[in-house]
4 protein chains.
Amino acid sequence: MYRHESTVAVRYAETDAMGVVHHASYIVWFEVGRTEWLEALGTTYADFERSGFFLVVAEVGAHYRRPVRYGDPIRLLTWPSAIKSRAIRFHYEVRHATTDELMVSGFTQHILTDHDGRIRTWPEEMSGIIEQSRGSV
Amino acid sequence: MYRHESTVAVRYAETDAMGVVHHASYIVWFEVGRTEWLEALGTTYADFERSGFFLVVAEVGAHYRRPVRYGDPIRLLTWPSAIKSRAIRFHYEVRHATTDELMVSGFTQHILTDHDGRIRTWPEEMSGIIEQSRGSV
Amino acid sequence: MYRHESTVAVRYAETDAMGVVHHASYIVWFEVGRTEWLEALGTTYADFERSGFFLVVAEVGAHYRRPVRYGDPIRLLTWPSAIKSRAIRFHYEVRHATTDELMVSGFTQHILTDHDGRIRTWPEEMSGIIEQSRGSV
Amino acid sequence: MYRHESTVAVRYAETDAMGVVHHASYIVWFEVGRTEWLEALGTTYADFERSGFFLVVAEVGAHYRRPVRYGDPIRLLTWPSAIKSRAIRFHYEVRHATTDELMVSGFTQHILTDHDGRIRTWPEEMSGIIEQSRGSV
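Remember, predicted model here, so these are calculated numbers, not experimental data.

> How do you make sense of the overall build of chain A when you look at a structure like this?
Of regular secondary structure, chain A possesses three helices and five strands. Listed N to C, the secondary structure of chain A is β-α-α-β-β-β-β-α in terms of helices and strands. Expressed as a percentage of the 137 residues in chain A, the buried residues total 36%.

> Would you mind showing me how to read the interface of chain B and chain A here?
Many descriptions give the size of an interface as the accessible area lost when the pieces come together. Tallying the contact residues gives nine residues for chain B and nine residues for chain A. In terms of residue class, the side of chain B that touches chain A is built from five nonpolar, three polar and one charged.

> What is the right way to look at the interface of chain A and chain C in this model?
Each partner contributes to the interface: chain A provides 14 residues, whereas chain C provides 14 residues. Put simply, the parts of the chain that give the side of chain A that touches chain C at least two residues each are α1 (23-40) and β2 (53-64) of chain A. Here the element with the most residues in the side of chain A that touches chain C is β2 of chain A; it accounts for nine residues. Partitioned by chemical class, the residues of the side of chain A that touches chain C number 10 nonpolar, three polar and one charged. Where β2 of chain A and strand β2 (residues 53-64) of chain C come together, five bridges link them in antiparallel fashion. Following the sheet pairing, V60 of chain A is matched in β2 of chain C by A62 of chain C.

> Mind showing me how you'd approach the sheet that holds strand β5 (residues 102-114) of chain A here?
One key point about sheets: their strands pair by backbone hydrogen bonds, in either a parallel or an antiparallel sense. Read across the sheet, 10 strands follow the order β1(A)-β3(A)-β4(A)-β5(A)-β2(A)-β2(C)-β5(C)-β4(C)-β3(C)-β1(C) without closing on themselves; strand pairing throughout is antiparallel. Where the open sheet ends on each side, the last strands, each with one partner, are β1 (4-9) of chain A together with β1 (4-9) of chain C. Within this sheet the neighbouring strands show an average axis-to-axis angle of 25°, counted without direction. In the packing of α1 of chain A onto the sheet, contacts are made with β1, β2, β3 (73-83), β4 (87-96) and β5 of chain A together with β2 of chain C, and the angle to β1 of chain A comes to roughly 135°. Packed on one face of the sheet, helix α1 (residues 25-40) of chain C meets β1, β2, β3 (73-83), β4 (87-96) and β5 (102-114) of chain C and runs near 135° to β1 of chain C.

> What's the story with the sheet that holds strand β2 (residues 54-64) of chain D in this structure? I'm lost.
Read from one edge of the open sheet, 10 strands run β1(B)-β3(B)-β4(B)-β5(B)-β2(B)-β2(D)-β5(D)-β4(D)-β3(D)-β1(D), paired in antiparallel fashion. Looking along the sheet, the strands with just one partner apiece sit at the ends: β1 (4-9) of chain B together with β1 (4-9) of chain D. Between one strand and the next, the sheet's axes are offset by a mean angle of 25°, whatever the strand orientation. Inspection of the sheet shows strand β3 (residues 73-83) of chain D paired to strand β4 (residues 87-96) of chain D by nine bridges, in the antiparallel sense. Residue pairing in the sheet places P80 of chain D in a bridge with F90 of chain D of β4 of chain D. The strands touched by helix α1 (residues 23-40) of chain B are β1, β2 (53-64), β3 (73-83), β4 (87-96) and β5 (102-114) of chain B together with β2 of chain D; relative to β1 of chain B, the strand with the most contacts, the crossing angle is about 135°. Against the sheet, helix α1 (residues 23-40) of chain D contacts β2 of chain B together with β1, β2, β3, β4 and β5 (102-113) of chain D, and its axis sits at roughly 135° relative to β1 of chain D.

> I keep staring at the relation of the copies chain B and chain A and nothing clicks. Help me out?
One copy of the chain maps onto the other through a rotation about an axis plus a displacement along that axis. Each copy superposes on the other: chain B lies on chain A with an RMSD of 0.0 Å after a rotation of 180° and an axial shift of 0.0 Å. Both copies are brought into coincidence by an operation consistent with a two-fold rotation axis. Closest approach to the rotation axis within chain B is made by the C-alpha atom of D16 of chain B, at a distance of 1.9 Å.

> What exactly am I supposed to notice about the relation of the copies chain A and chain C here?
Taken as rigid bodies, chain A and chain C are interconverted by a rotation of 180° and an axial shift of 0.0 Å, the fit giving an RMSD of 0.0 Å. When the interface residues of chain A are mapped onto chain C, 100% of them again lie at the interface, so the same face is used by both copies.

> Explanation requested: the environment of G117 of chain B in the structure shown.
Take G117 of chain B: it is sitting in the loop between β5 and α3 (124-135). In this structure the C-alpha to C-alpha distance between G117 of chain B and R11 of chain B, which are 106 residues apart in sequence, comes to 33 Å.

> Any chance you could explain the environment of A87 of chain A here in plain terms?
All names here are of chain A. Looking at where A87 falls in the secondary structure, it is placed in strand β4. Spatially, the C-alpha atom of A87 lies 16 Å from that of E49, the residues being 38 residues apart in sequence. Apart from the residues within four sequence positions on either side, A87 is in contact with Q109, H110, I111 and L112.

> For this particular structure, what's the right way to read α1 of chain C?
Since one α-helical turn is 3.6 residues long, residues separated by three or four positions face the same way. All names here are of chain C. In this model, α1 (16 residues) spans 23 Å end to end at C-alpha, consistent with the 22 Å of a helix rising 1.5 Å per residue. Among the 16 residues that make up α1, 12 are buried, leaving the element largely enclosed by the rest of the structure. Listing the buried residues of α1 in full gives S25, Y26, I27, V28, W29, F30, E31, G33, R34, T35, W37 and L38. Count one or two residues on from α1 and you reach G42, which has phi positive near 95°.

> How should I be thinking about the pairing of β5 of chain D in this particular structure?
Walk down a regular strand and you will see the side chains alternate between the two sheet faces. Residue and element names in this part refer to chain D. As judged from the 10 bridges shared by β2 and β5, these two strands associate in the antiparallel manner. When the bridges of β5 are listed, F54 appears paired with T113. Bridge analysis of β4 against β5 gives nine bridges, and the strand direction is antiparallel. Its bridge partner lying in β5, Y92 is registered against G106.

> Would you explain the confidence of the model for chain A in this entry?
Should the pLDDT be low somewhere, the predicted coordinates at that spot are not to be read in detail. Overall, the prediction assigns chain A a mean pLDDT of 94, with 98% of residues at 70 or greater. With pTM at 0.96, the complex prediction returns an ipTM value of 0.95.

> How should I be thinking about the pairing of β5 of chain A in this particular structure?
Residues and elements named next belong to chain A. The sheet contact formed by β2 and β5 spans 11 bridges and is antiparallel. Residue pairing across strands places Y64 opposite V104, the latter belonging to β5. Hairpin connection from β4 to β5: five residues lie between these consecutive antiparallel strands, with D100 at a positive phi of about 65°.

> Just checking my understanding: could you explain the packing of α1 of chain B against α1 of chain D for this structure?
Pairs of packed helices are described in terms of their axes, by the angle between the two and the distance that separates them. α1 of chain D packs onto α1 of chain B with a crossing angle of 170° between their chain directions and a minimal axis gap of 9 Å. In terms of orientation, α1 of chain B lies roughly antiparallel with respect to α1 of chain D. Contacts between α1 of chain B and α1 of chain D pair H23, A24, I27 and V28 of chain B from the former with H23, A24, I27 and V28 of chain D from the latter. Here the contact of α1 of chain B with α1 of chain D is composed, by residue class, of six nonpolar, two polar and no charged.

> Looking at this structure, I do not really get unusual backbone geometry. What am I missing?
Working note: non-glycine residues mostly have negative phi, and peptide bonds are mostly trans. All names here are of chain A. The phi dihedral of D100 falls on the positive side, at around 65°, and the residue is not glycine. Here D100 is to be found in the loop between β4 and β5. Classification of D100 as exposed rests on a count of 8 C-beta atoms within 10 Å.

Cut-off values and rules
- Along each chain, residues carry numbers from 1 onward, in the same order as the chain's sequence is written.
- Think of it this way: whatever chain is written first is A, whatever ligand is written first is 1, and the rest follow in order.
- In keeping with the model being predicted, local features are shown solely for residues with a pLDDT of at least 70 and side-chain atom pairs are shown and tallied solely at 80 or more, while totals for entire chains, interfaces and linings include all residues.
- The helix and strand labels rest on DSSP assignments: H or I over at least four residues marks a helix, E over at least two residues marks a strand, and numbering proceeds from the N terminus.
- Whether a residue is buried, exposed or partly exposed follows from its count of other C-beta atoms within 10 Å of its own C-beta, namely 20 or more, 12 or fewer, or something in between, respectively; the C-beta atoms are built from the backbone.
- Here, residue contact means that the backbone-derived C-beta atoms of the two residues sit within 7 Å.
- In this classification, Asp, Glu, Lys and Arg are treated as charged, Ala, Val, Leu, Ile, Met, Phe, Trp, Tyr, Cys and Pro as nonpolar, and every other residue, Gly included, as polar.
- The criterion for strand pairing is that DSSP finds at least two bridges linking the strands in question.
- Fitting a line to C-alpha atoms yields each axis, with helices limited to the stretch in contact; the angle taken between N-to-C directions then spans 0 to 180 degrees.
- The copies were overlaid with a least-squares fit restricted to C-alpha atoms from residues scoring a pLDDT of at least 70 in each copy.
- A helix is expected to span 1.5 Å multiplied by its residue count minus one.
- Scored from 0 to 100, pLDDT reflects the predictor's confidence in each residue.
- Throughout, the term roughly parallel applies to angles under 35 degrees, roughly antiparallel to angles over 145, roughly perpendicular to angles from 65 to 115, and oblique to all others.

As structure tokens, this is what we get:
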């Protein structure tokens, strides 16, 4: 599957009194990563919602290996680790951009729903995008 | 007007690498303050929205006098400093609960709208609540 | 182990455009839960840090079962599911306060360190508090 | 003075149940704006802090003119509207990138301090950077 690489500039608001990035901030970075992954494939999550579909977060997990500090150059890798007819799982790696050290890894599990929360299968357009993503390996 | 006093427990996530509460966190505390002000008068902002009204934030201002640190006991005072037919202005004071020092002061200016963003006057029920608030001086 | 029950008032800032609490907000609630758990046992995390110890977050996981909406009355249950000499694992349940439905469950795994990030064992005072917690089952 | 233009991609976490960007999120965007302003002039706020100086936020103000929605392309303009020997004031404009509509405007007032909170004058290096900024009008 296509792996998207994002550049993340740590925001001061994302740090905490321990002098490092707060652990909840990475969960928001993961969201940025999958948003950019979709964009790289030619669509946007905003369009996806406008067409009546939602990727509801069902599960999240993160493993904090090294603290990220304000000013650290960061790259975020995002890729789908599993795609099913009604679900998608993304995997994430937060790496120091210079040393390539793995700082944080994680995943999110999503269920595909419509506006009323009913579980749905992928719309045809997205199936095409997902196929395209496989081709980009 | 009725002055509501909230107790705020600083969340670690609200601090930053300078070791103090991040300046944007207080803006969220102000929101907590006016929510509790409404509740103290017998209504909730959730009910207010369900009846089709919104208090859109038009302006915000804050003056940071002393840094609040994690663990500091804080009380937040909230009161409307001006109520007009289509608008309300809240004033806030963040004080150290033990020393009573003024740490941060601020205000928010709100416009009353319906779901489509059209400016509205107060619903009858809220007018009653506001009158009651005046009586509570 | 002692199970602490917190009352959580959903903040508007914690919701997102899907009309529900954003999935990263629960991670911050978990932090509130374990902070209150410590307080219920007679200490504070601020004191803990002042004595030179840190509970670094090593891992987090959350399972989102039902969406929480603004205005929903919420109670949060927090308890340590495992305590080792250099680590502690907390478990969390976010429940609807009226219906008792389980909305979100999760855990955090923490490593005990000093200010320089070196792994440490529990200070004597905390060992006592933990023993006391076992007694509170 | 040099006006820096940032591109802002709205994060889903920054929206609220009203379907728009939460008013506190813009305060964090302002921080991103002034961080990038410094970078454009050849320094970073992280370096600034490492050399023992802090730009403490003393005041913030924002005027919300139009709601920004998820998916809106946004550009953020940042420039210092006043520089004194011990203080700096930044001004911000959040504009729709396509229509150029002014969505939000604001300012932050900062005081220059050292690590212990004592008020300081600009370090020589920064004076040079500020002069350079004037030249960039």
